[in-house]
Amino acid sequence: MRVGKGCERCRYRHIRCVIPPGALSCASCERQGRVCQLDPPFHFKTVHRVYQKSNGTSARFDLEWDEDQVWIDTSQPVTFVLEGWDNVEGEGPGEQLVPENPTVTTRRPLSPDFPWEPHRDGLPDSLDVENATPQPAQSLFSELAPQQQIARSYAISPPTMGGPPALSLREASLMRHFIQRIAPWADVCDPQCHFSTEVPRRALQVPMLLKAVMALAARHDAILNNQSDWEASAYHGHCLELLIPALDWPEQTYDENLLVTVVLLRIYEELENTTDPQFHLLGSNRLINLMSRSASSGGLAEAVSWQFLRQAIYASVVQYQPLQLDLQNYEQSSMFQRTDDAAFANRVIFHCADILRICRNVPQEPVDEDARLQVVHAVDEWHRVKPTSWQPLRYQPADATVNRPFPEIWMMSAPVVVGMQYYHAACIFLTFSEGCSRPMSDYQMARSRRMSERTIASHIVSVIGLSQSNESVQNAYFMACHLLHRFGYCLKNRAEQQGSMEFLSRVEEVMGWRTSWIKRELERQWAELSQVDSPDG
């Protein structure tokens, strides 16, 4: 199958068609304020067999009609009506463009509500019919209401009720998967739920963003169903073809759509089976630091910035890397003036990131004690003034005798669950850095290390308890997994260790978040430490 290049108007006028990266209209049509028909024709060729590669194995499929295939005869030749053109420069008011060659190539016009229709292969749905009998061309716009004619004059038209769906069945399924299963992860501390509402709406208008959504949803769906993610890789490749040229444009052209795309690709990257290359983490860091006002601009840009802050904390914890994000961009955010639960949760997330920035855990690099004491005070003050809505509805301490290795903590809302987890994480990071902030004797260092591990273990137990007690808050699984990976060796109690293994298995089963490698690492660490602590070790 071969795809034509350029829009219909430019091809008819035999001029160069220049389409900026991510745009839905070429430069010529945009300059003239006309509708750009990016609807390339398909030219099919006979194919007798196809080859598909899955999990490294190639398979051949022969394409043959079944002997029982029923064919329907048409009583008369099928005719097709050419789509009419609106006037271009140099044409008369009523003049229409009709090709002189009676052998024509026609295509189904796009919906008036959706000027661009994405499909699985990333191309609009159109069909060429050779040697069709031409009919007088009729203008598509003559059949539209005045309001629709006005909307049609823009490169991106807002979708309206009653229009045909813009997505194929598979794409619609992936979009729904994103909205229902993935977007709530990012919306956990966003009352407006921008990832569930605004991001899908923009994805219907921005091809680059749509490919990112499709890639992420396809990979997560493949993980949950234990299938190959070849489909996700294809969407990811199409997205990169649009993203890389867009990143080469001047920095002042960067917008929210670019930022959302990179952040979604970072989640796609985090779902990697074996390694985390962090390519999109570095790109997101750069964009957030360049778009300094995004974290305090409100709307989608601010929501995306706070989502990426959580991603940066994850990378710092799991990859043992210093936080490279410029936190000054967040200090002017409305989160520090609002009093709702989501804003309160984002504040402690900010404090947690600030701790990772200050306590870099870099050898031979002393911790700034004044900055550390300042953030300790900020965390204590946050905990002291937290609203009454942050009190547990029910609390039962851990009790191994009744098979409850973790406490039962019922909370009122999702932001409260996540916020309390980040509070415990902040306490862990502060505890871990305490020994690096002052000189101590060898005995004091040994005693401090054991006490620190016991304190860290108690906070990890609380974080897991918050996750298990509030299963509807799927975002709460992430911090528990991250802390188990980094500090799970501090768990000495056998019941807590076994409970952690069951918890990690549950996370991978329910969320599709890879945890098998964490389980293997923890089992190795616990076995080694058990031998070290044994009298015969």
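Please read these numbers as outputs of a predicted model, since none were measured by experiment.

Novice: Explanation requested: the pattern of salt bridges in the structure shown.
Specialist: If the charged atoms of two oppositely charged side chains come close together, the side chains can form a pair. Under the definition given, this model contains 17 salt bridges. Between Glu453 and Arg449 there is a salt bridge, with its nearest N and O atoms 3.4 Å apart. Residue Glu453 and its partner Arg449 are both found in helix H14 (residues 442-469); the two are separated by 4 residues, about one turn of the helix. Here Glu528 and Arg524 are joined by a salt bridge, their closest N and O atoms 3.0 Å apart. With Glu528 and Arg524 both in helix H17 (residues 516-533), this residue pair falls 4 residues apart, about one helical turn. Overall, the relative accessible area of 44% leaves Glu528 in the partly exposed class. Shared partners join several salt bridges into a network, and the residues in it are Glu198, Arg201, Arg202 and Glu256.

Novice: In this structure, what is going on with the nonpolar core? I would like to understand it.
Specialist: Side chains of nonpolar character tend, in soluble globular proteins, to be buried together. Grouped together as the largest cluster of nonpolar side chains are 120 residues, with contacts concentrated most on Leu264 and Phe429. A per-element tally of this core places helix H13 (residues 414-434) first, with 12 residues. Structurally, this core is a two-domain feature, drawing no fewer than three residues from each of domain 2 (171-359) and domain 3 (387-435 + 448-536). The contact partners of Leu264, leaving out residues within four places of it in the chain, are Phe178, Phe195, Val199, Leu209, Ala212, Val213 and Leu216. In terms of nonpolar packing, the next biggest core, distinct from the first, is built from 6 residues, Cys10, Cys29, Cys36 and Leu38 among them.

Novice: So what exactly am I meant to see when it comes to empty space enclosed by the protein here?
Specialist: Scanning all chains against the criterion turns up 4 cavities of 30 Å³ or more. Of the pockets and cavities examined, the largest cavity occupies roughly 210 Å³. Taken together, 14 residues form the lining of the largest cavity, with Gln307, Arg310, Asn475, Phe478 and His482 sitting closest to its centre. With 4 residues, the single largest contributor to the lining of the largest cavity is helix H10 (residues 299-318). In the lining of the largest cavity, the residues fall into 8 nonpolar, 4 polar and 2 charged.

Novice: How should the side chain of Ser28 be read in this particular structure?
Specialist: Counting through the fold element by element, Ser28 comes out in helix H2 (residues 27-32). For Ser28, a relative accessible area of 7% gives the class buried. Ser28 has contacts with Cys10 and Ile15, leaving out every residue within four places of it along the chain.

Novice: I would appreciate a short explanation of the packing of aromatic side chains in the present structure.
Specialist: The geometry of an aromatic ring pair is captured by two quantities: the separation of the ring centres and the angle between the planes. Summed over all chains, the structure comprises 12 aromatic pairs. Aromatic side chains Tyr314 and Trp513 sit 5.9 Å apart centroid to centroid with 75° between the ring planes, which places their arrangement in the edge-to-face category. Of the two residues, Tyr314 sits in helix H10 while Trp513 sits in the loop between helix H16 (494-511) and H17, which places them 199 residues apart along the sequence. Note on Trp513: relative accessible area 5%, which makes it buried. Seen from their ring centres, Trp382 and Trp390 are 5.3 Å apart, and the 90° between their planes marks the pair as edge-to-face. By the burial criterion, Trp382 is buried, and Trp390 matches it. Through pairs of rings, three or more aromatic residues link up here, namely Trp185, Tyr314, Phe478 and Trp513. Directly above the aromatic system of Tyr268 lies the positively charged group of Arg219, at a separation of 3.9 Å from the ring centroid. Stacked on the ring of Trp410, the Lys or Arg Arg394 has its end atom at 5.4 Å from the ring centre.

Novice: What is the right way to read the environment of Leu491 from this model?
Specialist: For Leu491, the position within the fold is in the loop between helix H15 (476-487) and H16. Here the alpha-carbon distance between Leu491 and Trp526, two residues 35 residues apart in the chain, equals 8.4 Å. Leave out the neighbours within four places in its chain, and Leu491 touches Ala457, Ile460, Val461, Leu484, Glu496, Gln497, Ser500 and Trp526.

Novice: Would you take a moment to explain the confidence of the model for the protein chain for this structure?
Specialist: Do not read the fine detail of predicted coordinates wherever pLDDT is low. Looking at the protein chain, the pLDDT average stands at 78 and 72% of residues meet or exceed 70. The low-confidence segment residues 82-157, where pLDDT is below 50, has 170 contacts with residues more than four positions distant or belonging to other chains.

Novice: I would appreciate a short explanation of the UniProt feature "domain: Zn(2)-C6 fungal-type" (unreviewed entry) in the protein chain in the present structure.
Specialist: Within this structure's numbering, the places UniProt gives as "domain: Zn(2)-C6 fungal-type" (unreviewed entry) are residues 6-36. For the annotated span residues 6-36, helix accounts for 39% and strand for 0% of the residues, and the straight-line distance between the end C-alpha atoms is 10 Å.

Novice: Can you walk me through the packing of H16 against H17 in this structure?
Specialist: If you want to describe how two helices pack, look at the angle between their axes and the distance between the axes. One can describe the packing of H16 onto H17 by two numbers: an axis separation of 9 Å at closest approach and a directional angle of 165°. As far as their axial angle goes, H17 and H16 are roughly antiparallel. For the pair H16 and H17, the crossing hand works out as left-handed. On the side of H16, the interface is formed by Gln497, Ser500, Met501, Leu504, Ser505 and Glu508, while H17 contributes Ser516, Ile518, Lys519, Leu522, Glu523 and Trp526.

Novice: Which parts of the structure should I look at to understand helix H6 (residues 207-224)?
Specialist: An α-helical segment advances 3.6 residues per turn. Residues three or four places apart therefore align on the same side. Spanning 18 residues, H6 covers 26 Å between terminal C-alpha atoms, matching the ideal 26 Å at 1.5 Å per step. Burial analysis of H6 places 17 of its 18 residues in the buried class, the great majority of the element. Following H6 by one or two positions, Asn226 has its phi on the positive side, about 55°.

Reading the values: rules and limits
- Residues numbered from 1 in each chain as written.
- Predicted model: local features only at pLDDT ≥ 70, side-chain atom pairs only at ≥ 80, totals over all residues.
- Heavy atoms only, no water.
- Salt bridge = Lys/Arg side-chain N within 4 Å of Asp/Glu carboxyl O.
- Helix = DSSP H or I, 4+ residues; strand = E, 2+ residues; numbered from the N terminus.
- Buried < 20%, exposed > 50% of the residue type's maximum accessible area, 1.4 Å probe, protein only.
- Core = buried A, V, L, I, M, F, W, Y, C linked by side-chain atoms within 4.5 Å.
- Domains from an automatic or database assignment.
- Contact = heavy atoms within 4.5 Å.
- 1 Å grid on protein atoms, 1.4 Å probe; cavity = no way out; pocket = protein on both sides within 12 Å on 5 of 7 lines; lining within 4 Å.
- Points joined across faces, edges and corners; volume = space filled by probe spheres on them.
- Nonpolar A, V, L, I, M, F, W, Y, C, P; charged D, E, K, R; others polar.
- Phe/Tyr/Trp six-rings, centres within 6.5 Å; stacked < 30°, edge-to-face > 60°.
- Lys NZ or Arg CZ within 6 Å of the ring centre and 35° of its normal.
- pLDDT = per-residue confidence, 0-100.
- UniProt positions renumbered as here; feature names shortened; annotations may be inferred.
- Axes fitted to C-alpha atoms, helices over the stretch in contact; angles between N-to-C directions.
- Parallel < 35°, antiparallel > 145°, perpendicular 65-115°, else oblique.
- Left-handed = near helix turned anticlockwise from the far one by under 90°.
- Expected span 1.5 Å × (residues − 1).

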